[in-house]
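In case you want the letters, here they are:
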Amino acid sequence: MINVSFEGNILTISFEVDHIDSGNYKEFKSVMQRYIMDGARFIFNIEALKFIDSSGLGAFLSILRDLHKVNGDMVMYGAGEAIRILFDLVHLSRVIRTFPDGEEARRALV
Amino acid sequence: MRFFSRWIHIQARHRKLSMELREARREVEIFFRLETLVNDITTRFINLTSEKYDGVINSLLRDIGKFIGIDRAYLFIVTGDREFFSMSHEWRAKGIKATAKGMRCFPADHCSWWRRGLVSRKYIHIPSPDDVPPGAETERRFMNLGSVHSMLLVPLIRKGLLDGFLGFDAVRSRKIWDKKEIYLLESVAQNIMNLRLRWETERELRTAETQLIKLREEDLETSARIQRTILTGDPNIRNPAVDIRALTIPSQEVDGDFYNTVRVSNDAFDILSGDVMGKGLPGAFIAAAVRNHFLQVKLNMAMSQPRGILPGPRHIVNAVASRITPELIHLESFIALTYSRVNVRFRRLDFVDCGHTPVIHLRCNTQRCWRLKGHSSPLGFLENETHKEQSVAFYEGDILFFYSDGISEARNQQGDFFGEQRLITIIEKNYDRAMTEIISVVKAAVINFCEGNPLADDLTCVAVKLHDLPGGWAVRRERIFPGEMSSLAAVRSFIGECIDADPGAAISSAEKARIIFAGNEAASNIITHGVSRDDGEEPAGFYLEAGINSGWLSLCFLYGGKPFSLPPAERPDIESMQEHGYGIFIMEEFMDSITYADDARGGRMIALAKRFDI
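Thresholds applied
Residues numbered from 1 in each chain as written. Chains lettered and ligands numbered in written order. Predicted model: local features only at pLDDT ≥ 70, side-chain atom pairs only at ≥ 80, totals over all residues. Heavy atoms only, no water. Pairing = 2+ DSSP bridges. Helix = DSSP H or I, 4+ residues; strand = E, 2+ residues; numbered from the N terminus. Axes fitted to C-alpha atoms, helices over the stretch in contact; angles between N-to-C directions. Contact = heavy atoms within 4.5 Å. Buried area = accessible area lost by both parts, 1.4 Å probe. Salt bridge = Lys/Arg side-chain N within 4 Å of Asp/Glu carboxyl O. Polar contact = N/O pair within 3.5 Å; in protein donor to acceptor, adjacent residues only side chain to side chain. Nonpolar A, V, L, I, M, F, W, Y, C, P; charged D, E, K, R; others polar. Patch = residues over 30% accessible without salt bridge, like charges linked within 9 Å, V, L, I, M, F, W, Y side chains within 5 Å. Areas by Shrake-Rupley, 256 points an atom, 1.4 Å probe, with all protein chains shown as cover. Lys, Arg positive; Asp, Glu negative; His and termini not counted. Charge placed at Lys NZ, Arg CZ, Asp CG, Glu CD. Phe/Tyr/Trp six-rings, centres within 6.5 Å; stacked < 30°, edge-to-face > 60°.

Chemist: Can you help me understand the sheet that holds strand β8 (residues 257–263) of chain B in this one?
Modeler: Hydrogen bonds along the backbone pair up the strands of a sheet, which may run parallel or antiparallel. Residue and element names in this part refer to chain B. Pairing in this open sheet of five strands is antiparallel, and the strands run β8-β9-β10-β11-β14 from one edge to the other. Looking at which strands have only one partner, the edges of the open sheet turn out to be β8 and β14 (390–393). Adjacent strand axes in the sheet meet at a mean angle of 15° when their direction is disregarded. Pairing between strand β9 (residues 268–276) and strand β10 (residues 335–343): nine bridges, direction antiparallel. Looking across to β10, one finds that S273 is bridged to T338. Together, β9, β10 and β11 (348–354) form the strand contacts of helix α7 (residues 313–331), whose direction differs from that of β10 by roughly 165°.

Next up, the structure:
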């Protein structure tokens, strides 16, 4: 489902699937639980995702909440037009910083 | 000698005492019997209805007169603002002449001695005409004219004022009444006074009731006339694509049902169907006022719009609501209504449901009825409420049936409701008949069901059959999907393909994304809550039909399974990082309307609409 690369306590996560929806959000959350540790910082590369539904959105928020509990953080980059429409609707940027590319995302976390 | 004399004296005294004792016994017996009679009369008064007033007074005078052995007993009432004494009842012993006509009603001033005594609440006891004091010549003349030897007059006092008197004449011999008799007769007079009070109160009540009934009848007639001429009338839609008929049967108490049909364009017309809380004239007036507000708002809107095209139902309802809700709240009234627009070219029903009965939509292809309900409150409930509009698609041969709760809540002798299901069954069984026939069948069914029970509410309905529809769908596709999460991707693809197939390409890529998001959420809800099985069995599938024309895009999900509610969407609090509650919000925000309906046989429908003609 995902690919993870490590750089210190920063993890860059990219997706092998093109959607996170009601059908696979539980698996996504479960997989991500393995990486939530003290001070963990996640960079989600969501360029491959064409679609996120309300369950997928909830999964990202759940991961963020778990990271905050361990003084961690997360950012995103690479959202396509459709996903940006969803993020804008729910004002996701108020809680998750999103960037157009990976470089900016990395700088934000360092 | 002294002893004998003493014996004679004792004997004489014994005889005298015996006589006195016998007399005393007789008096006690008479008094007891009179008291018993008075008690009997009092009991009769207690159980008496005022309708028998005259009969009771006559029998009372007779019983008292016979018992105390007098020849005439009568009742005089003070009339004419206390200026006259008028005889209302009289009893005479056999052979005794009636009181002379001139003595049956006379000015009270003419008998000022009687009047003074009676006004001061004292009885007047005249053992003989000779006992009439000087100066009371009229009284003496009256006694002589009536051949009266002895007379007793007992006042009737009401609230401290003289209201009349009870009179007893001894004609054939003199009579002296003792104080005990007079005391009991005063008690009888008081009973008569009480009976008079009751009788008069009930008479006034009856008069008031009669007037009220008359007013109600006038009210009913006026209300019915208002309803016939202003509130309902024939639907005046002349459109070759529709067969429209209406029925109104006012109940015994007209209760403010109204409907109105207005042509919007060659392809569209509006139907307003409402029900005012409150019956009779007030309900009819409010209904007329509301109907008038709708007409005024529509006129103003049409004048201010380019080409005079009316805006959608929600704009009209919200404009009217902002005008009349404060007034309705002040009047403690409210109005349940459905404002609908039927657009035959777009094949779309737009409706705002403010707490009214559902619109019944018979889909011709399945011959099953769907109950279309909205979410808004009746007008007059909440100030500043934004009433939402919903849109559903209809097809060739479909029927739209608007009705008032007078139909579903008509009761038979056993108190059972006619119910919505009977109405639905009638429509489903008669779907291929003309609307005038369906209306007749509904009317006959309700009347038969009531078994002569009067209608508690008006029966009002408007039936619309859609046939020979112009225009059509630029894209019209349908597919069945398995009831599992893996179907979501297929649903998204299906919706995307439909949008891409629209030759008019009216939908932008951003709009397409929004529609796909909303459709995905609807499908996800159906799979999660609707068709999922608790028994481990394979879930049923669901059916999705999509239609696009120049007016709108319709996504209609049909499935059989559990009902689930679509709560009012609220913006989720993203900053609390809540995990759930985004689905319905996404649907609401990305589409123009969501309609959830059922067909009362386990069939469920979620219809999403995106309008291009807003």
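Read on for the rest.
Chemist: In this structure, what is going on with the interface of chain B and chain A? I would like to understand it.
Modeler: Bring the parts together and some accessible area is lost; that lost area is often taken as the interface size. Listed by partner, the interface residues are 24 residues for chain B and 27 residues for chain A. Taken together, the two surfaces of chain B and chain A that pack against each other cover about 2300 Å², and 67% of this comes from carbon and sulfur. Counting the surface chain B buries against chain A, the share from its top three residues, F517, M577 and E579 of chain B, is 32%. In this assembly, chain B and chain A are joined by four salt bridges. For the interface between chain B and chain A, the tally reads ten residue pairs in polar contact (both at pLDDT 80 or more). No other element matches the nine residues that helix α12 (residues 509–530) of chain B contributes to the side of chain B that touches chain A. For the side of chain B that touches chain A, the per-class residue count stands at twelve nonpolar, five polar and seven charged.

Chemist: I tried to follow a negative patch on the surface on my own but got confused; where do I start?
Modeler: There is a patch of like negative charges on the surface, built from E47, D101, E103 and E104 of chain A. The residue E104 of chain A is located in helix α4 (residues 102–109) in this model.

Chemist: Help me out: how do you make sense of the packing of aromatic side chains in this one?
Modeler: We describe a pair of aromatic rings using the distance from one ring centre to the other and the angle between the two ring planes. All names here are of chain B. All chains considered together, the criterion is met by 27 aromatic pairs over all chains. With 5.8 Å between their ring centres and 45° between their planes, W473 and W552 make a pair best called tilted. Of the two residues, W473 is situated in the loop between β16 (459–466) and β17 (475–481) and W552 in strand β19 (residues 552–560); the sequence distance between them amounts to 79 residues. Each member of the aromatic cluster is reached from another via a ring pair, and the members are Y74, F76, F85, F106, W114, F142 and F165.

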